[in-house]
Protein chains: 2
Amino acid sequence: MRQAFHDQLDAIFADLADLCGDVERAVRLATEALLQGDSSVAEQVISGDAEIDAEREQIEDSALLLLSLQAPVASDLRTVVAALRMVSDLERMGDLSVHVAKIARLRVPNVAVPEPMRPTIERMAELAETMVARTSHVIAERDVDEARSLAEADEEMDRLRRTTFADMLSADWEHGVEAAVDVALLGRYYERIADHAVSVANRVVFVVTGETPYAVDA
Amino acid sequence: MRQAFHDQLDAIFADLADLCGDVERAVRLATEALLQGDSSVAEQVISGDAEIDAEREQIEDSALLLLSLQAPVASDLRTVVAALRMVSDLERMGDLSVHVAKIARLRVPNVAVPEPMRPTIERMAELAETMVARTSHVIAERDVDEARSLAEADEEMDRLRRTTFADMLSADWEHGVEAAVDVALLGRYYERIADHAVSVANRVVFVVTGETPYAVDA
């Protein structure tokens, strides 16, 4: 019974790592659509979200079945509940990638990000994608050290977001209101993807150590 | 045992309705801070969020204890898991109120919302607050009809948000980039509060009927 429980739990964590890999791909493609103004890549992210939603449902069903059949208690119960929360975070990260893709699509044949803002947004996007990739690894390997180091990457994300505001609100912003609104929302979306990645990683720390790291609330 | 389970579940739902009431207050105060440029009311929302977080923790602990001690299956299990998700939504709505309050605080002694945008933002805020209030009622009374009608209010929210974009991107927008960025983010925050309210209400429909209504993904 215990062995069956742990095998099923391992299968759920393997599925979570796979789902996180698919989210990473969505973030990467959304960024590609955004920076190249490519509507077909944007469509790919938007239509691909249904698959992320389906994976979420399948993982949720597995976790509920495990709760039903095995009635775990104590740390086992907390681990299954953590898995349920991780799957919600991951699905939400998929939705946020769709939001990025939709802004990209809205501006085709142009590019939503004005040229001088490109390095900052590119770095935010790269950071988000890397954080999601590291989160897959954290889930697959239960890597607590890597999970803890994600918080540092998140600090860089916060700094970059402040940079975008400083740029947009400076007197020499010459890209108009539309670009500013796009950049403000894009910054928000990438920041939220990073927050959710930290949240997923923190849940892994909790599962392994029983400790809850400092929460990211943004 | 069954009776004890249902008593404890009722207590959790009563706590969820109370928490939703506190979120409603946070939304209302955040809006007051925003529209009156009142930094002390903004501070009240920001510092008050710790209490919402504490309530969330307490409800989560109760739900986990119920899972541990009673090992519910089938619909009982799904109800407890739904409660865990509702509490996450509600906590997030508290965070979003804090975001509104922080924009308010940032612009004091001015008001973040330009005068001509006031009616739209006021209506969005009112709609969000009303939707949260209705959600408290949905939770307390397991009111499925009321839950279903929340989706209509959410459609008005989406329309209002489109209006803000049309206004900001029109040629006669004369309030500059800062106001546009503020309004874009405020619109996003109120829209997300409304989405989470619909999500909570949908979970009540699921708990009562076993059916999952159409999901809001925004």
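Up top is the structure.
Model, not experiment: these values are computed from the prediction. (Residues numbered from 1 in each chain as written. Chains lettered and ligands numbered in written order. Predicted model: local features only at pLDDT ≥ 70, side-chain atom pairs only at ≥ 80, totals over all residues. Heavy atoms only, no water.)

## Some words on the overall build of chain A
This is how it is decided: Secondary structure is summarised from DSSP: a helix means a run of H or I of at least four residues, a strand means a run of E of at least two, and numbering begins at the N terminus for each. The globule rule used here is 2.2 Å times the number of residues to the 0.38 power, and the radius of gyration it is set against is calculated over C-alpha atoms. Exposed residues in this analysis have more than 50% of their type's maximum accessible area, buried residues have under 20%, and partly exposed residues fall in between, with area computed by a 1.4 Å probe over protein chains only. Pairs of residues are marked as contacts when any of their non-hydrogen atoms sit within 4.5 Å. The method behind every accessible area is Shrake-Rupley, applied with a 1.4 Å probe, and residues are considered shielded solely by the protein chains displayed. We treat Lys and Arg as the positive residues and Asp and Glu as the negative residues; His and chain ends play no part in the count. Working definition for charges: the position is that of NZ of Lys, CZ of Arg, CG of Asp or CD of Glu.
Along chain A, the regular secondary structure elements total six helices and zero strands. Moving toward the C terminus, one meets the helices and strands of chain A in the order α-α-α-α-α-α. Rg of the C-alpha trace for chain A: 19 Å, near the compact-globule value of 17 Å for 218 residues, within the 12% margin. The dimensions of chain A, computed from C-alpha atoms along their principal axes, are 65 × 35 × 20 Å. Looking at chain A residue by residue over its 218 residues, the buried ones come to 55%. Expressed as a percentage of contacts within chain A between residues at least 6 apart in sequence, the contacts between residues at least 24 apart total 82%. Counting every atom, chain A has about 9,000 Å² of accessible surface; 48% of that belongs to carbon and sulfur. Here chain A carries 21 positive and 42 negative side-chain charges, and the mean point of each set is 4 Å from the other.

## What to know about the interface of chain A and chain B
Here is the rule: Reported buried area values correspond to the accessible surface (1.4 Å probe) lost by two parts on association, with both partners' losses combined. Criterion for a salt bridge: a side-chain nitrogen of Lys or Arg within 4 Å of a carboxyl oxygen of Asp or Glu. Each polar contact in these results corresponds to two N or O atoms within 3.5 Å; when the atoms are within protein, one needs to be able to donate a hydrogen and the other to accept it, and residues that are neighboring in sequence are counted only if both atoms are side-chain atoms. Note on residue classes: Ala, Val, Leu, Ile, Met, Phe, Trp, Tyr, Cys and Pro are nonpolar, Asp, Glu, Lys and Arg are charged, and everything else, Gly too, is polar.
On the side of chain B, 38 residues touch chain A, which itself brings 37 residues to the contact. Both faces considered, chain A and chain B share a buried interface measuring about 2,800 Å² in area, 61% of it formed by carbon and sulfur atoms. The three residues of chain A that bury the most area against chain B are L64, R85 and V177 of chain A, which together make up 17% of that side's buried surface. Linking chain A with chain B are two salt bridges, by the criterion used here. For E60 of chain A, the salt bridge goes to R85 of chain B, with nearest N and O atoms at 3.2 Å. In this structure, the connection of chain A to chain B is made through two residue pairs in polar contact (both at pLDDT 80 or more). At the level of elements, α2 (39–70), α3 (74–107), α5 (144–169) and α6 (176–209) of chain A are the ones that each hand at least two residues to the side of chain A that touches chain B. Here the side of chain A that touches chain B gets 12 residues from one element, more than from any other, and that element is α3 of chain A. Taken together, the residues of the side of chain A that touches chain B sort by class into 20 nonpolar, three polar and 14 charged.

## A word on the pattern of salt bridges
As enumerated under the stated definition, the model contains 38 salt bridges over all chains in all. The residue R161 of chain B makes a salt bridge to E191 of chain B at a minimum N-O spacing of 2.8 Å. You can see R161 of chain B sitting in helix α5 (residues 144–169) and its partner E191 of chain B sitting in helix α6 (residues 176–209), a full 30 residues away along the chain. Of the two residues, R161 of chain B and E191 of chain B, both sit in the buried class. A single network of salt bridges, built from pairs that share partners, joins R56, E57 and E91 of chain A.

## What to know about the relation of the copies chain A and chain B
Formally: The copies are overlaid by a least-squares fit using only the C-alpha atoms of residues whose pLDDT is at least 70 in both copies.
The transformation that overlays chain A on chain B combines an axial shift of 0.0 Å with a rotation of 180 degrees, and the residual RMSD is 0.0 Å. Those values place the two copies in the arrangement expected of a two-fold rotation axis. Interface residue correspondence from chain A to chain B reaches 100%, placing this contact among same-surface, isologous pairings.

## Looking at α3 of chain A
Owing to its 3.6 residues per turn, the α-helix brings residues three or four apart onto one side. For the record, the criterion: For a helix, the expected span equals 1.5 Å multiplied by the number of residues minus one.
The first and last C-alpha atoms of α3 of chain A sit 51 Å apart over 34 residues, in line with the 50 Å expected at 1.5 Å per residue. Counted residue by residue, α3 of chain A has 27 buried out of 34 residues, so it is predominantly covered.

## Focus: the nonpolar core
If you look at soluble globular proteins, the nonpolar side chains tend to sit buried side by side. To keep it simple, the criterion reads: Side-chain atoms within 4.5 Å link the members of a nonpolar core, which is a set of buried Ala, Val, Leu, Ile, Met, Phe, Trp, Tyr and Cys residues.
With 158 residues, the main nonpolar core has L16 and Y190 of chain A together with L16 and Y190 of chain B as its most contacted residues. Those residues in contact with Y190 of chain B, other than ones at most four positions away along the chain, are V27, T31, L34, V100, I121, M124, A125, A128 and M157 of chain B.

## Digging into the environment of A153 of chain B
Residue and element names in this part refer to chain B. For A153, the location among the structural elements is in helix α5. A relative accessible area of 10% places A153 in the buried class. For the pair A153 and S136, spaced 17 residues apart in sequence, the C-alpha separation works out to 15 Å. Apart from residues lying up to four places away in sequence, A153 is in contact with L127, M131 and R134.

## Concerning the packing of aromatic side chains
Basically, it comes down to this: Ring pairs are drawn from Phe, Tyr and Trp, using the six-membered ring of Trp, whenever the two centres fall within 6.5 Å, and their geometry is named by plane angle: stacked under 30 degrees, edge-to-face over 60, tilted for the rest. A ring is scored as having a charge over it whenever the NZ atom of a lysine or the CZ atom of an arginine sits within 6 Å of its centre and within 35 degrees of its normal.
In the structure shown here, the tally under the stated rule is zero aromatic pairs over all chains. Taking NZ or CZ as reference, R142 of chain A lies 4.3 Å from the ring centre of F13 of chain A, over its face.

## A word on the environment of T164 of chain B
Relative to the helices and strands, T164 of chain B resides in helix α5. Linking T164 of chain B and N202 of chain B, residues 38 residues apart in sequence, is a C-alpha distance of 27 Å.

## Brief notes about the packing of helix α4 (residues 118–141) of chain A against α5 of chain A
In helix packing, the relevant descriptors are the interaxial angle and the interaxial distance, both defined with respect to the helix axes. Residue and element names in this part refer to chain A. For clarity, the cut-off: Fitted lines through C-alpha atoms give the axes, limited to the stretch in contact for helices. The angle between two N-to-C directions lies from 0 to 180 degrees. Orientation is classified from the angle alone, with under 35 degrees giving roughly parallel, over 145 giving roughly antiparallel, 65 to 115 giving roughly perpendicular, and any other angle giving oblique. Left-handed describes a crossing whose near helix is turned anticlockwise from the far helix through less than a right angle; right-handed describes the clockwise counterpart.
α5 packs onto α4 with a crossing angle of 165 degrees between their chain directions and a minimal axis gap of 10 Å. By the angle class used here, α4 and α5 are roughly antiparallel. In the packing of α4 onto α5, the handedness of the crossing is left-handed. When its residues are assigned to classes, the contact of α4 with α5 shows 11 nonpolar, six polar and seven charged.

## Notes on helix α1 (residues 2–36) of chain A
Between its terminal C-alpha atoms α1 of chain A stretches 51 Å, which fits the 51 Å expected from 35 residues at 1.5 Å a residue. Directly after α1 of chain A, the chain includes G37 of chain A, whose backbone phi takes a positive value near 60 degrees.

## Some points on the side chain of E91 of chain B
In this structure, E91 of chain B sits in helix α3 (residues 74–107). For E91 of chain B, the side chain forms a polar contact with the side chain of R56 of chain B, separated by 3.2 Å.

## What to know about the packing of α3 of chain A against helix α2 (residues 39–70) of chain B
It is the contact of α3 of chain A with α2 of chain B, at a shortest axis distance of 10 Å, that shows an interaxial angle of 125 degrees. In terms of orientation, α3 of chain A and α2 of chain B fall into the oblique class. For the crossing formed where α3 of chain A meets α2 of chain B, the hand is right-handed. Where α3 of chain A abuts α2 of chain B, its residues A74, L77, R78, V81 and R85 of chain A lie against E60, D61, L64, L67 and S68 of chain B. Taken together, the residues that form the contact of α3 of chain A with α2 of chain B break down as five nonpolar, one polar and four charged.

That is the geometry; function is a separate question.
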